[in-house]
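Commentary on secondary and tertiary structure
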Amino acid sequence: MTEVGESRDSKQATKRARDGRNPVSRLFGSLGLFISQILDELRKVVRPTRSELWNYTIVVIVFVTVMMAFVSGLDFGFSKLVGLVFGNGG
């Protein structure tokens, strides 16, 4: 167990010696790198055309409507079944 702790400490000490900058400049450097990587990834994004966006919107609206009708039908059916089983008369 001691070796694991020593090896981790020695790795951290080596990293600190290699990176002689102060913590504040490392923080801002890391933030700058993070933001530049975000912007690089955003440049790779393929945005849909107006017609594709319209088609996707219609598909989502139709799917949600169908699922709402399905769940409403199940709810209605189960409520009638529960009413019959527990003597509400349905």
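Preceding this section is the structure that the text describes.
Remember, it's a predicted structure, so these values are computed and weren't measured experimentally. (Residues numbered from 1 in each chain as written. Predicted model: local features only at pLDDT ≥ 70, side-chain atom pairs only at ≥ 80, totals over all residues. Heavy atoms only, no water.)

With that settled, the discussion passes to the overall build of the protein chain. From N to C terminus, the protein chain includes three helices and zero strands. When its helices and strands are written in sequence order, the protein chain yields α-α-α. Within the protein chain, buried positions represent 2% of all 90 residues. A total of about 8,400 Å² of accessible surface is found on the protein chain, and carbon and sulfur atoms cover 68% of it. (Helix = DSSP H or I, 4+ residues; strand = E, 2+ residues; numbered from the N terminus. Buried < 20%, exposed > 50% of the residue type's maximum accessible area, 1.4 Å probe, protein only. Areas by Shrake-Rupley, 256 points an atom, 1.4 Å probe, with all protein chains shown as cover.)

Bringing the pattern of salt bridges into the picture now. Across all of its chains, the model carries two salt bridges by this definition. We note a salt bridge from aspartate 40 to arginine 43, for which the minimum N-O separation is 2.7 Å. Taken together, the residues aspartate 40 and arginine 43, both in helix H2 (residues 23–43) and three residues apart, mark about one turn of the helix. Residue arginine 43 is classed as exposed on the basis of its relative accessible area of 61%. With its nearest N and O atoms 3.2 Å apart, the salt bridge here joins glutamate 41 to lysine 44. Relative accessible area serves as the criterion here: at 47%, glutamate 41 is assigned to the partly exposed category. (Salt bridge = Lys/Arg side-chain N within 4 Å of Asp/Glu carboxyl O.)

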